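Fold and geometry: a report
Below are the chains, spelled out letter by letter.
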Amino acid sequence: MLLNPKKETFDHLDPKSAEIMKKTIAYFEERGKQKLKEDFHERRWYADFLEFVKENEIFATLLTPAKHAQDGDPDKRWDTYRNCDFNEILAFYNLSHWYTWQVSILGLGPIFMGNNEAIKKTTAKLLKEGGIFAFGLSERTHGADLYSSDMSITPLGNGKYVADGGKYYIGNANKAALVSTFAKDTETDEYVFFVADPNHENYELVQNVVDWEGYVAEYALSGYPVTDNEILAYGRDAWDCALNTVNVGKFNLGWGAIGIATHAFYEALNHAGNRNLYGKYVTDFPHIKQHFVDAYTRLVAMKIFSQRATDYFRSASEEDRRYLLYNPIVKMKVPTQGEEVINLLWDVIAARGFEKDVYFEMAATDIRSLPKLEGTVHVNMALIIKFIANYFFNPGEFPEISKRNDSADDEFLFRQGPTKGLGKIRFHDYNLAYSDVNTPNVTIFKEQISIFKDFLIDAAPGPEQAKNIDFLLGVGEIFTLVAYGQLILEKYKIDKLEEDLIEQIFDFMVRDFSRYALQLYSKQDTTEKQGAWCLKMIRKPVDAPGRFNRFLDEYVYSLKDTYEMNP
């Protein structure tokens, strides 16, 4: 279930894609852990990695939509299935290297979604030459509040403009071939996306705002000349480009967390399994067994949920926008679950996790950044809450989504259309996933869902509670858990996963449901009636020592010493 770079064959990919994955693994393994940690501590820009990417045309192959592949290369396409593999590999080794890939995807979004065909052609050429890209959206004062953007573009007539203003927290903006920049027209107050060149004399690279290997820039444009040739989108199109790009790019955050947590898992297990304290191996202590089982099941759940969410994303259309619920969960819940996995493992590895020669030191730092790169958890939760009514009470009819592991170009990602009308999006009946799975812990979880649905009917949040984001976060956490379990069960059936795995996953899911119900019960705004429903949701998973011990030995401890990065 977990990526093991030294054993993975990538037989699930086409030959060219498999070659890219294997070459990338070889690049990191040949550099070794000592070099990895040295560069991390010295905060060295990863020029050697970018040269490797250029020589092997990796970004060009993975990030050029098929119709923009000017050289006719049949392997060039935007294939989310294989891109998730690459996401996981980069984060498994170093989040800073993943970050340059991630923000390149964001920078490419407005270009390939926009209306400027000449820039798309130029971009394909720049990708082939090894170019990286940047997404100039957020600002120092306003963060990612697009309504308050201060970057301005002023028309001068005859298709000429001048841009002024600053952007903040912009990855790759030091070395990007092009920086997609979001602004407002000073005459019309309309939104505009245009590309800027970091090499231009009116582009000032102010600073790197973080102390890291990667470069997260503050940059300023002063009297920067722009023509129609650099305009990507205008008005509503520019707004939609911004939000739809986030749908594509921030989906990677979950896969970043999966990669980090997987490497940390191997390292913690190897350490604990070979460390003897008080005449017993660390892995023999009961609380350590529980930590490892919880860490493993949470990590596997992160992965199989994200894989299933990928199926919906790749199958999306103007008529089927269910991905707009599942994507924010990949962006928000999966990274926060990654934090939980690291916390569990850190309680195992203890002081060793601080030491300079282990990967875990990086993991413990980097895993914290992923839930924050989207702003905050509440940004996604506020989006997710809009779907509750239709999800539970107004299901629609949709064709069943199959496993999308085909080598296809995901062209819909660049024509997602208007970003409004989220409250009208409908979903298939979630009971289709749950109804025919009757294992003990899934049955308990279904009882919790039924009580939560009754809570929504009998004690729905009132008008004042609806204004309280803290209260809604509590409701949203429970709702998210229902959708999380739904896709996990769909994956269980499609891939014919073992019952022990699903039961152990739903062991922690039942506990999480109870935890969120207690948190909602404890909030100041919760009414007595709502609190009574919350208490009814609290359940205990089935105690099955035989399953737990079997799972521990067969799934978890069997991985000891199966992976260690080259020194």
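Up top is the structure these notes are about.
The following refers to the structure shown. From a predicted model like this one, the values you see are computed outputs, not experimental measurements.

**Details of the pairing of strand S3 (residues 160-171)**
The pairing of strand S2 (residues 152-157) with S3 spans five bridges and is antiparallel. By the bridge assignment for S3, isoleucine 153 is matched with alanine 163. Adjacent in sequence and paired antiparallel, S2 and S3 are bridged by two residues, among which asparagine 158 carries a positive phi angle near 60 degrees. Note that S3 and strand S7 (residues 216-227) share 10 bridges and pair antiparallel. Paired with alanine 163 across the strands is tyrosine 224, a residue of S7.

**Structural notes on the packing of aromatic side chains**
Taken as a whole and judged by the stated rule, the model has 53 aromatic pairs. With 4.8 Å between their ring centres and 10 degrees between their planes, tyrosine 203 and tyrosine 219 make a pair best called stacked. Taken together, the positions of tyrosine 203 in strand S6 (residues 203-208) and tyrosine 219 in strand S7 put the pair 16 residues apart, joining distant regions of the chain. Note on accessibility: tyrosine 203 and tyrosine 219 belong to one class, buried. With a centroid separation of 6.4 Å and 65 degrees between ring planes, the pair formed by tyrosine 326 and phenylalanine 427 is classed as edge-to-face. Taken together, the positions of tyrosine 326 in helix H10 (residues 323-349) and phenylalanine 427 in the loop between helix H13 (388-393) and helix H14 (431-434) put the pair 101 residues apart, joining distant regions of the chain. For the pair shown, tyrosine 326 and phenylalanine 427 are each scored as buried.

**A few points about the packing of helix H4 (residues 80-93) against helix H5 (residues 95-113)**
The description of two helices packed together rests on the angle between their axes and the distance between the axes. The contact between H4 and H5 brings their axes to 6 Å, and the two run at 145 degrees. Here Asn83, Phe86, Asn87, Leu90, Ala91 and Tyr93 of H4 lie close against H5, whose contacting residues are Leu95, His97, Trp98 and Trp101. A breakdown of the residues in the contact of H4 with H5 according to their chemical character gives seven nonpolar, three polar and no charged.

**A closer look at the packing of helix H9 (residues 286-314) against helix H20 (residues 545-556)**
Where H9 meets H20, the closest approach of the two axes is 10 Å, and the angle between their N-to-C directions is 65 degrees. At the point where H9 passes H20, the crossing takes the left-handed sense. Within the contact between the two elements, H9 uses Lys289, Gln290, Phe292, Val293, Tyr296 and Thr297 and H20 uses Phe548, Phe551, Leu552, Tyr555 and Val556. Among the residues making up the contact of H9 with H20, the classes are represented as eight nonpolar, two polar and one charged.

**Here's the deal with the environment of methionine 509**
Within the fold, methionine 509 resides in helix H18 (residues 499-522). The buried category is assigned to methionine 509, whose relative accessible area is 0%. When the C-alpha atoms of methionine 509 and histidine 287 are compared, they prove to be 19 Å apart, with 222 residues separating the residues in sequence. Sequence-distant contacts of methionine 509, that is, excluding residues within four places in its chain, are made with Phe445, Leu481, Tyr484 and Gly485.

**Here's the deal with a nonpolar patch on the surface**
On the surface, Leu518, Tyr521, Leu535 and Ile538 cluster together to form a nonpolar patch covering roughly 330 Å² of accessible area. Mapped onto the fold, leucine 518 is located in helix H18. Classification of leucine 518 as partly exposed rests on a relative accessible area of 42%.

**Notes on the pattern of salt bridges**
Enumeration according to the criterion identifies 48 salt bridges in this entry. Close ionic contact of arginine 298 with aspartate 512 constitutes a salt bridge, the shortest N to O distance being 2.9 Å. In this pair, arginine 298 sits in helix H9 while aspartate 512 sits in helix H18, placing the two residues 214 residues apart along the sequence. Judged by relative accessible area, aspartate 512 falls into the buried class, the value being 2%. The shortest N-O distance in the salt bridge between aspartate 436 and lysine 493 comes to 2.5 Å. Residue aspartate 436 is found in the loop between H14 and helix H15 (440-458), and its partner lysine 493 is found in helix H17 (residues 469-494); the two are separated by 57 residues along the sequence. Judged by relative accessible area, lysine 493 falls into the partly exposed class, the value being 29%. Residues joined in a network through salt bridges with shared partners are Asp14, Arg77, Asp79, Arg314, Arg404, Asp406 and Asp410.

Calculation notes
Residues numbered from 1 in each chain as written. Predicted model: local features only at pLDDT ≥ 70, side-chain atom pairs only at ≥ 80, totals over all residues. Heavy atoms only, no water. Pairing = 2+ DSSP bridges. Helix = DSSP H or I, 4+ residues; strand = E, 2+ residues; numbered from the N terminus. Phe/Tyr/Trp six-rings, centres within 6.5 Å; stacked < 30°, edge-to-face > 60°. Buried < 20%, exposed > 50% of the residue type's maximum accessible area, 1.4 Å probe, protein only. Axes fitted to C-alpha atoms, helices over the stretch in contact; angles between N-to-C directions. Contact = heavy atoms within 4.5 Å. Nonpolar A, V, L, I, M, F, W, Y, C, P; charged D, E, K, R; others polar. Left-handed = near helix turned anticlockwise from the far one by under 90°. Patch = residues over 30% accessible without salt bridge, like charges linked within 9 Å, V, L, I, M, F, W, Y side chains within 5 Å. Areas by Shrake-Rupley, 256 points an atom, 1.4 Å probe, with all protein chains shown as cover. Salt bridge = Lys/Arg side-chain N within 4 Å of Asp/Glu carboxyl O.

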